Each structure stands twice: as structure tokens, then as C-alpha cells.
Amino acid sequence: MKYAEVAVDSPVGAGRTFTYSIPDGLELAPGQLLRAPFGPRTLQGVVFELSGVTNAPYTRDVLGLVYPDVLLDADQLALARWVSDYYMCGLFEALAPMLPHGTRARPATYLESSVEDPAEVRSGLTRRQAEILEHIHSTGRVSQDRLIEARRTSRSVIDRLVNAGHVRRTEGGRVGPSVKRRMVQSLKLTDQAFKLDSSEYEALAKSAPRQSELVKHLASERHSMRIAEARREYGSSAVSGLLDKGWLETRSMQEFRDPLAGKAFQSAHPVVLTSEQAAAASQVRAALDDSQDGSAAFLLHGVTGSGKTEIYLDAVARCVELGKRAIVLVPEIALTHQTVSRFAARFPGQVAVLHSGLSDGQRFDQWWKIKGGEYQVAIGSRSAVFAPIPDLGLVVLDEEHEWTYKQAEPSPRYHARDVALRLASLKGAVVLLGSATPELATYYSARRREVGLLELPTRVLSRPSSASGPPTPGRLPEVTVVDMASELKSGNTGILSSPLSEAIEETLGAGGQVVLFLNRRGSGSFLQCRSCGEVVRCSGCDVTLTYHKGAERMICHYCGRRRRRPEQCRACMNRRLSLYGFGTESVAAEVETAFPGTSVVRWDRDTASRMADSESILDDFASGRAQVLVGTQMVAKGLHFPSVSLVGVVLADIGLNVPDFRSGERTFQLLCQVAGRAGRGDAEGKVIIQTYRPDHYAVRAAAEQDFLNFYVQEMAFRKEHGNPPYAGMIRLVYSHTNRAHTERAALDLSEQLRLSRDARAFNDEAVLGPAPAYPPRVRGRYRWQIVLRGPDPRRLLDTIAVPHGWTVDVDPVSFN
């Protein structure tokens, strides 16, 4: 008897596998996806190890394979073990992002009524519970997930009905992939058709010209043609006639859903690098040449517009020359369009795209083609770090400082940078981290020589890719800080300060383009009663609702709940409700009013919910059809528009008041990055930063484009307070619909952690909290948190069993 150690798709402890026996006739290999019994259910699992013996007293048989292919290689299994251990999640959770899209599937959960008449038990139920029970009873059998989505109910309401015996839960459905290969029926010429002489072809041309045209097309192209396409172009009778003659045959073939199909990319050749670029590129090339001796990592710290992308392209080119492949990561899905254009122009037909903005079928097909070695480069957002690319030689993280590289939900809560570094160590590959404002922890590692440091201190002017000479050095934009308190005192109560308004008018008059940045969506921040001070809040979250004029709705930016703008205050019934604050929608409206005839486009989550929306907005701006781009933080991330000569930061203070020790760092990074969008062409760049806190060190350093000065100040602050990178950090969050229960659970766990710390004399490990998380309630669930901070907080956490229901986030980048 042979046995398999299997990671099962069930919430179990980190690194845990289960032993299954392999029935006769079934051949298994590590990395295969299978179906296995687990309690009363059938679940998916991945084989990690095979053995001829076992210590398990009882085993159950594997039921069968989901795919006959080996999906994960030994390095990917090793990476999954590391992710599971480091981020404290189950093994299957850790490897799930590595599987083909749509492969992971669990049996569906269904609900059925257990009572004959819901009215008989109504007295013991809340109004909401009675409504849900009545719906389940009238429906007969309903999917739990669909019920939660359609009726906007919480799982706890259903749990209470189940525990009371009013509702039964059952499971059903086959555990199989939800996405499959697309197979189509196609036509091809038979051997008989190729053996016909010219006279037979001539006779066919006279008697059936449409059939003759179809034969000529298939003969000249020497390929298959979809039946539907052939019938559309040549007629159904022509297809049927040739099939009857035996000249055509049908076959089923796979049709790949290519996200780049139909898109043309102008071919580009390598440009002449500056001396600074050449020096950096040579070090990366040398590491790629020597990668068989071990992995290497570099931080490419270059000012905005210094040509970091040219270093990426050069590194990928060298990687391909060596017969290896590369992964290129971008921090936002919306940025893949521009990145793919650059790489596809340099490596035509060799670029794959992999991110959640694609259709299910496109992601599925791209995964299989990448695994098959059909592409040299895979480009995508953070999850693309798990792309099954063979012969990996290089991983590039553009804008490595971006916190979007950290997965928030669902588990595993990994950071793509750390996963890339671990993957490179397993593969013997090179990691290239690029940023004008690197994360302080990364720069700290570079200063300690844990990663190599490559500097590009000089900006270069934009130039066509066909240019044969070296680029011309450029200048960083001139930055002006405007004190909005002074503007208010002078009588200007508008969104735009006088200096920014004048600069916009001057730029538009000169034919330039403008980018306006505000990290807040909507038309107004909140609606408040001027009589009693009551603020209109989301009924499910402890946050204010934001007014969106275009949608004519108050919207919660956490749960998406919408409601009409109320006419009167619910607290005092007064009608004196006023909007306070502003967002990108109101900024765009003010610009259109102040500068009639100006084409303004807005780029935020409201206007670009789909990948195609972002591409359309950026195409309009890049082509010059729009003169002003108003957007949230997406406009700060790596965009390259040579015609932008003015950038305006409408309000720099928004991020400074967030309860997070990284608020200063993020504000500095955003201001520097968005300022870097100006002056990337021939025209000199100008940046105007509007703020109520002009003396804040993050604002001052950003205005001076002085990363080193900010680094020194911020690191001194971090060291004084014992924050990362001088300490590790783990965040634990508990949520529940009952406020008192949530608080009690948090108090109990914090006390348990402190007792364990004191008993083991882990005096350097701090237990911070418990305290309400921010915001304290989301989607009807109250949230409390505990933060562990110290040289090794994991050693303290490992001394206790974390109760069910707690979320564990290792190395958190956000406290929202």
C-alpha cells in the first residue's frame, strides 16, 4: 500500500497535512490536485509527499484526480510551506493562489426550512431572523452564499436559525473546477482534398464557387477554421456540401482566450543608456549571469523619471538571452496596460498578462500557457508572483514601496515582495525592486547590505525608443507649497488656491496637460446637521457616508451600502443638513466650471471599476483628447505622460491623520510620486501642494524631493518608538455582531498573551491593546484588535492557541 500526505482545503493548522491511502491503479505525484474524503464531505487536496509506510492508525482512500497534470513543482510546494508557516495559514490556503484560476472549489452549502409554518416560531425570533426564515421556507432550498448576497444578511443570523433548529444546512455539488478549457468545433481539409488534381478543383469552382473559395482559404492557410466562422463567411450550404464530399472533416480544438488578442504594439528597440543606467544594468546583468551560484536582490532607487523601466527591460532581455524567464509585478491592475505596452513592444508575442481584471477564461488560459513555457515574461499585479513560469531567472517589483503588494483579504495575507525574495532563493533567481521612494524597511536593508543598492539620482528627458544617442538629462519639477489656512484668511473658500488656479490657466494656455491629485472620492466627505451636529453614517459600519453627486447617493466606501440623500436629520428632524469636505468628483466639477471648454477626465474607483475603463481614461489623456486628469492615488503610480507639465495636490493632509505609524511615510511617498508625474517631457515641470500643515516634515521633505532627509527623520522616530523595521509586528483582529462579546474576547486573549509573556520572561515583546480597530464596525460586525510588537513577536504568539475567529496578520501594512 502507498500513502500520500495531502494538504486538504479545510481550515486547519499551518503546515498540516493528512495521510491518505492510494488505491490500486491510481498513480500520484507531488503537486497533483485530487479529491479526497474529509469527514462527511469531499474536498480538494494537493499531494505533498508519497510514502510506502504510515504511522496513521486509519486512512481513507483518495477518490481521484481533478487534473491528470502535475500542477505544482517542488519549489512551489516548498514556497507554499514557507507561506503557510510564516503567515500562519493552512497549507492549501498558501498554495491556492498558485493553482489555475477557477480550480479551487468547495461543495456548496444549502439551507432548508425545518418548520412547517414559520409563523408558529416567529415570537422567539427577531424581525430580521423571521424575514430570513420566511424566505428560506418559501424558496424550499437556497444557497447560503446567494442568500447572504441577495438579502444582505449576515452569517450570524443564519447561524442562530440553524442552532435553534429552524433551518437545516446541507452540502452538495461536485468538487471540480468552475472554469474549463474552451473547446470549439473546427474544419480542416482532409487528406483526400489535398490529393485532388487541378481539374477537380476547376470543376468545383464552376459548380460551387463558394465551396471552392472555402477550399482555397483552408489550403492556403494550412490551418483549421471554426465551423461557425466558415458558415458565416461562406454559407452553411458550402460547409455541408464539402462535408458530404469528404473534403472536410470536423474536429474539436481548444480556443485560447487571449487578453492581448487584437491589440497592436509598435516594435521598440533598446535605447542607449545613460552612464548611471548602464552602471546599474551591468550589476543586474552580472547577477543574472552568476545566478546559478545563488539568488541575488537589488533595490533600484531612482528619482522619478530616471529611467528605471529601461533597467527592467535590459534585465529581462538578458534573462531571456540566458534561456530563462521573468515575472514583472506592478502595484495596481490599472498600471498593467502601460507596462504591458512597454514590454510587448520590446518582446513581441512573448508577454503574458495575469491579474484579476481579466475574465475567468482568460486567467485560466494564461495560467496554462505560462506553465507550458509559451511566454518569456509574465506581467501582473501581486498574485502574479505565483505564476507557474518555468526556468525563472528574474522577478521585478515596480514601485516596490506600494502597500497594495500586501494581500489583505482573503488569507494568505502575504506580501508579494517577501514572497518574491523567498521564491528567488528557491529558484536561484534575481529580484529587482524599483522605486523613487522605497519602503523604509527596504532601504534599511540596502543600507545594511542585505540587498544591493543601485542609485539613479538623475532624471532623463523623454525620448522616442528609436533614438540612437544618449538621452538628455532632465530636471526634477519645481515644487511650491501653498498654505490653505492663509488662502482661507484671504477670502478664498474654493477648492483651488489662487496659485494653483493661475498655474492651471497658464499650463492649459501653453497647450500642456494637468494632473490633479486628491486621495478621496465623491462630491462631499460627509453630511452633517447644523442644528445638532449629527453626521449621516452607514448603518452597518462606524464611518460617515460619502455623497456622490453623479449617482445621487450617499455611499459607504467600506461596505458599498447606498442610500438617498436625506432631507432631514434623523436625530432632531431639522432640515439644516450641509455637505462638508470634497472629493475627486467635486474637484473635476470645479475645474470644468473655472475653465470652460476644458476636457476633464476623472480616474478613481467610481469611474474605473473595470480594467477597460482605466484603459479608456488613460488613452483619452495620453492622446490629448483630455487636458486635465483628476484622480486618487492611482495617478501617483508610475504613469508616464511627457505632456504633463503641472501637477496639483489638492489636499496633502488626508493621510496624515490616519492612526497608523506609517502615515508620514505614505504621505511622503504619495506626494513625491505624484510630483514625479510632472516635467517628464521637454517642458519644465511644476508642482503645487495645497496643505493646512505646510510645516509637517513629510510635506517639507516631499517638496524638496529629499528622500534621504525624510529617511533620517522618520527612522529616528521609528527607533524611538520601537516600530518596524526595528521590531516585528503581528496584528490580531476579532469581529462579531455583538459588541460586548467582541470586547470580552479581545480582553481574554490579551490577558492570556500577557500572562504567557510574563511567565516566559519575554520582556521585549509588547502586547498593545486590546482596542477597537479602525473603523470599529464594518458590515455590521464590531472589531477589536491586539498588536504584538518586539524583536520576535512570533515566539510569543506560538506559546498560545489562538481561538477560532481571530484574524492573524503578520507584518501588517495597514490598520484599517
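First things first, this report covers the structure right here in the doc.

How each quantity is defined
- Residues numbered from 1 in each chain as written.
- Predicted model: local features only at pLDDT ≥ 70, side-chain atom pairs only at ≥ 80, totals over all residues.
- Heavy atoms only, no water.
- Helix = DSSP H or I, 4+ residues; strand = E, 2+ residues; numbered from the N terminus.
- Buried < 20%, exposed > 50% of the residue type's maximum accessible area, 1.4 Å probe, protein only.
- Contact = heavy atoms within 4.5 Å.
- Pairing = 2+ DSSP bridges.
- Axes fitted to C-alpha atoms, helices over the stretch in contact; angles between N-to-C directions.
- Core = buried A, V, L, I, M, F, W, Y, C linked by side-chain atoms within 4.5 Å.
- Patch = residues over 30% accessible without salt bridge, like charges linked within 9 Å, V, L, I, M, F, W, Y side chains within 5 Å.
- Areas by Shrake-Rupley, 256 points an atom, 1.4 Å probe, with all protein chains shown as cover.
- Salt bridge = Lys/Arg side-chain N within 4 Å of Asp/Glu carboxyl O.
- Lys, Arg positive; Asp, Glu negative; His and termini not counted.
- Charge placed at Lys NZ, Arg CZ, Asp CG, Glu CD.

In this section: the environment of S411. Structurally, the position occupied by S411 is in the loop between β17 (392-398) and α15 (416-427). Classification of S411 as buried rests on a relative accessible area of 17%. Linking S411 and C89, residues 322 residues apart in sequence, is a C-alpha distance of 6.9 Å. Contacts of S411, omitting those with residues within four sequence positions, involve C89 and E93.

What follows is about the sheet that holds strand β12 (residues 248-254). By definition, the strands of a sheet pair up through backbone hydrogen bonds, in either a parallel or an antiparallel sense. Strand order in the open sheet made by the three strands is β11-β10-β12, with antiparallel pairing throughout. The open sheet is flanked by β11 (225-226) and β12, the only strands paired with a single partner. Pairing analysis gives two bridges linking strand β10 (residues 183-189) to β11, with the strands arranged antiparallel. Within the sheet, the bridge partner assigned to L187 lies in β11 and is M225. Each of β10 and β12 is contacted by helix α10 (residues 236-245), which is oriented at about 110 degrees to β12, the strand it contacts most.

The next subject is the nonpolar core. L95, W603, L732, L753 and L788 are the most contacted members of the largest nonpolar core, which totals 119 residues. Broken down by element, this core gets its largest block of residues, six residues, from helix α21 (residues 663-675). With 32 residues, the next largest nonpolar core counts A315, V340, V353 and L454 among its residues.

Together, E116, D117, E120 and E134 make up a region of like negative charge exposed at the surface. By the secondary structure assignment, E116 is in the loop between β7 (108-113) and α3 (127-139).

Here the focus is the sheet that holds strand β36 (residues 806-810). Pairing is antiparallel across the open sheet formed by four strands, whose spatial order is β34-β35-β33-β36. Pairing within the sheet leaves two strands with one partner each, and these edge strands are β34 (766-778) and β36. Direction aside, the axes of adjacent strands within the sheet are offset by 20 degrees on average. Pairing analysis gives nine bridges linking strand β33 (residues 728-736) to strand β35 (residues 781-790), with the strands arranged antiparallel. Within β35, the position partnered with H736 by the bridge is Y782.

Here the focus is the pattern of salt bridges. Here the structure, examined in full by the defined rule, presents 36 salt bridges. The partner of E255 in a salt bridge is R226, and the shortest N-O contact between them spans 2.9 Å. Of this pair, E255 sits in the loop between β12 and α11 (275-289) while R226 sits in strand β11, and the two are 29 residues apart along the sequence. A salt bridge links K406 to D809; the nearest nitrogen and oxygen atoms lie 3.0 Å apart. Linking K406 in the loop between β17 and α15 with D809 in strand β36, this pair joins segments that are 403 residues apart in sequence. Here the salt bridges share partners, and the residues they tie into one network are E400, R417, D418 and E439.

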